[in-house]
Structures are given as structure tokens and as C-alpha cells.
Amino acid sequence: MKPIVKESDYSTIKNIINNLTPSQKTKEVGQLMNELELAKKVPDKKIPKDVIQLNSYFEVEVGTPAQIIKMTMVIPKNADLAQHKISLFSPLSVALIGFREGASVDWVLPGGLRKLKILKVTNQVQQELVAK
């Protein structure tokens, strides 16, 4: 399964990574770069509404017994776990970016290999456009 990334997210993420210092370029940043290079890049208007992207709210089932995690993926400076906002550089975000609601992804997280099942994806930008 190949991740899908909208062109504006691809540009934003590449720009953030290019401005990191060498010490900020963690293993996860390298994995994210690999995922982005493998991803299918699509025009913003053509990204399916159920794909996890920057500023997506998502619910994911992790491991056995199942644990449900509810987060919004944001750029690193906006990350705040108390507000359920997770950095796109986190291992969970790197595993999920570009995948659709209903997809299952096997990924090595800090606790070891986990099966991640994407239960729900909501994209605020698209909701705002619908509301207008």
C-alpha cells in the first residue's frame, strides 16, 4: 500500500525538514522522508477526504489488547499532547501519514512492531470548505 500526500503538505514538510539542524534530524525524520519519497503526490483538490494529512484528526486502534488513540497531526511547533495534537515527526504520525481510513499498517513504534488500524479520519480544511 502506497501513501498518498497532497502537494502542499509535501512542500511544507520538505521545507520544515530542510531547515532542521543535523541534531534535529532523528530516525523518524529519515523515515518520514522515505515515506514522502515513496508516496503518490496529488494536487490538493484531488486528495481523498479520508487520507491522513497535516491537520487531520484521526482515530487509530493500536496493538492487542486494542488501544484507541485520538489525535490531530500537526507541524512540530504546534504539537501539544494535552490538546491531542501530535507532531508529524512522531513515530505514530510517520507510520500513518498518507494512509486512508480503514487501512491497516504494520509499523515499529517505540514499544515494538504494532498493527495500526485507522478507524476514522477527519480533515478540518475540507469541513470548512463544505460549511461555506
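Structure shown above.
Read on for an overview of the structure. (Residues numbered from 1 in each chain as written. Predicted model: local features only at pLDDT ≥ 70, side-chain atom pairs only at ≥ 80, totals over all residues. Heavy atoms only, no water.)

### Things to note about the sheet that holds strand 7 (residues 112–123)
Defined as follows: The criterion for strand pairing is that DSSP finds at least two bridges linking the strands in question. Elements are defined by DSSP. Helices are runs of H or I of four residues or more, strands are runs of E of two residues or more, and each kind is numbered from the N terminus. Each axis is a line fitted through C-alpha atoms, and for a helix only the stretch in contact is used; angles between axes span 0 to 180 degrees, taken between their N-to-C directions.
Read from one edge of the open sheet, five strands run 5-4-3-7-6, paired in mixed fashion. What marks the edges here is a single partner per strand, and that holds for strand 5 (85–87) and strand 6 (104–109). The mean inter-strand angle of the sheet, taken between neighbouring strand axes irrespective of direction, is 45 degrees.

### Quick notes on the pattern of salt bridges
What counts here: Only one rule defines a salt bridge in this text: a Lys or Arg side-chain nitrogen within 4 Å of an Asp or Glu carboxyl oxygen. Residue burial is assigned from relative accessible area. The probe radius is 1.4 Å, only protein chains are included, and a residue is buried under 20% of its type maximum, exposed over 50%, and partly exposed in between.
Counted under the stated rule, the structure contains three salt bridges. When the shortest N-O distance is used, the salt bridge between Arg100 and Asp50 registers 2.9 Å. On the criterion of sequence distance, the pair formed by Arg100 in the loop between helix 3 (91–96) and strand 6 and Asp50 in the loop between strand 2 (40–42) and strand 3 (56–62) is long-range, its members being 50 residues apart. Residue classification places Arg100 among the partly exposed residues on the basis of a relative accessible area of 37%. Measuring nitrogen to oxygen at the nearest pair gives 3.3 Å for the salt bridge that ties Asp106 to Lys115. Judged by its relative accessible area of 47%, Asp106 is partly exposed.

### Observations regarding helix 2 (residues 27–38)
For the record, the criterion: Multiply 1.5 Å by the residue count of a helix minus one, and that product is the helix's expected span. Read the arc as the range of directions from the helix axis to the C-beta atoms. Any pair of residues with heavy atoms lying within 4.5 Å of one another is described as a contacting pair.
The end-to-end C-alpha distance of helix 2, which contains 12 residues, comes to 17 Å, matching closely the 16 Å that a straight helix rising 1.5 Å per residue would cover. Among all positions in helix 2, only Glu28, Val29, Leu32, Met33, Glu35 and Leu36 are buried. An end-on view of helix 2 places all buried positions within 165 degrees of arc, on one side of the element. Projecting away from the buried face of helix 2 at angles above 90 degrees are the exposed residues Lys27 and Leu38. Buried positions along helix 2 lie against strand 1 (4–6), helix 1 (7–18), strand 2, helix 3 and strand 6.

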